[in-house]
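# Residue-level structure breakdown
For reference, the chains in residue letters:
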Amino acid sequence: MKALVMQPDKCTSCLQCEMACTFEHEGVFNPARSRIKVFEFEHGALNVPYACTQCEEAWCLHACPTNAITINDATGAKVVNDDKCVGCKVCTIACPYGTINYRPETGKVAKCDLCDGNPACVEACPTGAITYQ
Amino acid sequence: MITLKGTGLLGDDLDDQGKIGRMAFEGSLAGLCEQLAIDPAFAGYLSQVNGEIVHETDRAKCLLKDGDTVTLISPVTAG
Amino acid sequence: MSWQNKVLFVDLTANRCWSEPLNQRWAEKYVGTRGLGTRYLMDLIDPSVDPMSPENVLIFATGPLTGTSCSTSGRWTAICKSPLTNSIGSANSGGKFGAELKFAGYDLLIVKGRAKQPVYLFIDDDNVEIRPADMWGQSVWEADEAIRKEVADPNIKIAAIGQSGENGARIACIVNDLHRAAGRCGVGAVMGSKQLKAVAVRGSQGVGNVADPKRFMQLNTEIKAKVAADKGRQGMTRNGTHAMLSSMQAFGGLPTRNFREVQFEGADKIDHVAARTATDTGHVNLQTNKACFGCTIACGRIAKIDPEHFSVKDRPQYHTASGGLEYETAYAFGPVVGVDDIDALTFAAFVTNEYGLDPISFGVTLAAAMELHELGVLPAELTDGIELKFGSAEALCVMAEKTGKAEGFGVELGMGAKRLTEKYGHPELFMGSKGQEFAGYDARAMQGMGLGYATSNRGACHLKHDVFSQDMKDHTSNGKAEPCKRTQDIISAVDATGLCLFINGYQSFEDFAALMDAACGGWDADKLQLTGERIWNLEKLFNLKAGLTRADDSLPPRMLNDAVPTGSAKGSVCELDKLLDEYYELRGWNPDSTIKADTLARLGLTELA
């Protein structure tokens, strides 16, 4: 299985990944709703992109009472099925990394789904800080 | 042998190509610029030969000799 | 159309906030940032108003491409009447603040009046609050931290002023995201005059109304690939604008010791190579590069000061990284004041960010003070016991801090070089135009730059025209007026879109027009260039109404009379009068610099004249 690989030393915090993510999933440029986030430290001397690690033992999936989170067999991504998600937020508590988040405007949770094997953030990154390998 | 230097981004570009430093060359400054295939992005409108400015238009008549130091000056855009 | 179609108004006198629909007719005509903002300003104030009075209005303006996936989409502009120049004040910045304002749903934020007590503005989409600013009296960096704690949101984006702006220093800027700045024209002083410490914004609405999303994304992919492959771009990423220093040194246009000279013997100690080279003690100044929002160039510098340097010894708060040297900061803290100590330069860069000072104006004002000191007019007893000698790293570091904190002689430096040199009886030592200090290019060695400085609507500026390549090919004034005029129009349009001038070198003007067309519909390069010309003339109209005349399109006598001592243009002076006549003709202006009626009609500006 391929995974998103982040290299903080290459990240300039331009947030092209966050725009690509939200355009891919929601058709808008909206970093506040991005499933991948860049964290800045020390006045921007260190910039760290961060998204769901697609844990093998996915706690979000096990915690979900409605079985709304399933595994995409092709990519291994843990995917939220909107028609089943009831917005109980248990998965957001179960996730040790804080990479599955509740969206008040939809009443459901959202997380990285690896864009069905063609991650938009990887395409958008100008420095090669995010790769899919 | 001449000594080749460059300023700004042009200097870095020539350095990356391993061209900065001492090199064997015979001919005019125009010939040198042609041989270096200076990228238009860096232009190199002006040069210094042994500290004296040589304009682009005077390159052809500027003949280089052993021991000369040539500095190519790059106009990168504003800062 | 990628405008948000909403303007946020804040009246600090009435303690009231409201939003109004964006004037679509103006958006079509003036696009965004400095264009659209100036149009609103013309509507809201009398251009003859005292810039420090509550009647002045401060506008934070984005453009239609701000906050989109175009490269360099993070630009915003602060617009007001300038207290430094009494002309249009217009200061462009990057970072992430501008895009966040757009994501909160606003094209423009317009601040009127003056608060009774110090306040800051909190914007969370539609929730807008005027809050007491308990952090008044603190630096930009302290205020940033205090607000971040108060609102408990690590992702909030903040634009703030330091003590200099609070105290009305006319060279104060607005700093956003800790080390990006709307630097010029004293916009920070206007913010201070309104008792507005900061604007803190969080936006979650995004930018989603692109006219033709498919074409927009396709264009972006193509243009970004072109930008990525460009060697000039690669060089900018690696070295930033700092690389210009060694070129200007070799060329002979690097202003040194208040523009008496054009080459600096210490240049190689403070250039981009020095910044990335380890010292004897193993310290490396340049840590990494950093992007503004959406930028695929990332020319920003992040640097560290050697912890053993006198400026920061025993001051651990300066031992971490922050915004480092770019060309203009390197020039303004280096050659123009004669200092060749890269750590001192970097300290001055940190401190001007921390306290909200325009580095260019500060450096050139200090240079004028140093020349006054040399003349015996400013002895140490008048300058807090510090000898303001050219070359003194101590004077640079101490005065940067004092000016930032508005303490002692720093209060006088904060007034800018024009007022300082007038006060001490040597107005000829002010190196600038319309009251604003010159950037790091000599106007005699570069005639196109001289004309650009003199005609820039916001006072001396190197970023409102682009005659660099012509100036470096040929040091005469021949053929310089036309590219100066043309590039002023193009850059006005580029600025107005909300993208960065620096991408202009790697994507064509047609690319800008195509992006505008895909984002907003109905744009081509001719229309965009005409819009740029309209914006330039709109700013000029503001200045004419503010009382400026041809006499304000001026340069100091040193640029007009004293020949360049060394370098490629040795012997030259700036032939400004000749250039101005040619330029006004090209602009369709009268010889007294007023705008001809048919020019106004052609640009659709008659109603404003």
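Residues numbered from 1 in each chain as written. Chains lettered and ligands numbered in written order. Predicted model: local features only at pLDDT ≥ 70, side-chain atom pairs only at ≥ 80, totals over all residues. Heavy atoms only, no water.

### A look at the overall build of chain A
Across its full length, chain A holds 4 helices and 8 strands. Reading the helices (α) and strands (β) of chain A from amino to carboxyl end gives β-α-β-β-α-β-β-α-β-β-α-β. The principal-axis extent of the C-alpha atoms belonging to chain A is close to 40 × 30 × 25 Å. Taking all 133 residues of chain A together, 48% fall into the buried category. Looking at chain A alone, contacts between residues at least 24 apart form 51% of all its contacts between residues at least 6 apart. Carbon and sulfur atoms provide 52% of the accessible area of chain A, an area that totals close to 6,400 Å². (Helix = DSSP H or I, 4+ residues; strand = E, 2+ residues; numbered from the N terminus. Buried < 20%, exposed > 50% of the residue type's maximum accessible area, 1.4 Å probe, protein only. Contact = heavy atoms within 4.5 Å. Areas by Shrake-Rupley, 256 points an atom, 1.4 Å probe, with all protein chains shown as cover.)

### Points about a nonpolar patch on the surface
All names here are of chain A. On the surface, a nonpolar cluster with roughly 460 Å² of combined accessible area is contributed by Phe39, Phe41, Leu46, Tyr50 and Tyr97. Elements supplying a minimum of two residues to the nonpolar patch: β2 (37–41) and β3 (46–50). As for its placement among the helices and strands, phenylalanine 41 is situated in strand β2. (Patch = residues over 30% accessible without salt bridge, like charges linked within 9 Å, V, L, I, M, F, W, Y side chains within 5 Å. Salt bridge = Lys/Arg side-chain N within 4 Å of Asp/Glu carboxyl O.)

### Overview of the sheet that holds strand β2 (residues 16–21) of chain C
Residues and elements named next belong to chain C. Spatial strand order, β2-β1-β6-β3-β4-β5: 6 strands in an open sheet with mixed pairing. Every other strand in the sheet has two partners, leaving β2 and β5 (88–93) as the edge strands with one partner each. Put simply, the sheet's adjacent strands are angled 15° from each other on average, direction ignored. Where strand β3 (residues 58–62) lies against strand β4 (residues 76–81), 4 bridges are found, and the strand directions are antiparallel. Residue pairing in the sheet places phenylalanine 60 in a bridge with alanine 78 of β4. Together, β1 (6–11), β2, β3, β4, β5 and β6 (108–112) form the strand contacts of helix α2 (residues 33–44), whose direction differs from that of β4 by roughly 25°. (Pairing = 2+ DSSP bridges. Axes fitted to C-alpha atoms, helices over the stretch in contact; angles between N-to-C directions.)

### Notes on the domain arrangement of chain A
All names here are of chain A. Structurally, chain A comprises domain 1 (1–51 + 116–133) and domain 2 (54–111). For domain 1 and domain 2, the distance between their C-alpha centroids amounts to 20 Å. Across the boundary between the two partners, domain 1 contributes 11 residues, which contact 11 residues of domain 2. In total, domain 1 and domain 2 occlude about 820 Å² of area from one another, counting both sides; carbon and sulfur atoms represent 47% of this. Remark: the boundary between domain 1 and domain 2 carries 2 salt bridges. In this structure, the salt-bridge partner of glutamate 26 is arginine 103, at a minimum N-O distance of 3.6 Å. For the side of domain 1 that touches domain 2, a count of residues per class yields 4 nonpolar, 2 polar and 5 charged. (Domains from an automatic or database assignment. Buried area = accessible area lost by both parts, 1.4 Å probe. Nonpolar A, V, L, I, M, F, W, Y, C, P; charged D, E, K, R; others polar.)

### Some thoughts on the environment of glycine 323 of chain C
Residue and element names in this part refer to chain C. Here glycine 323 lies in strand β15 (residues 322–323). Judged by relative accessible area, which is 7%, glycine 323 ranks as buried. Along the sequence, glycine 323 and lysine 304 sit 19 residues apart, while their C-alpha atoms lie 8.6 Å from each other. Excluding residues within four positions of it along the chain, glycine 323 makes contact with His179, Arg301, Ile302, Ala349, Phe350 and Asn353.

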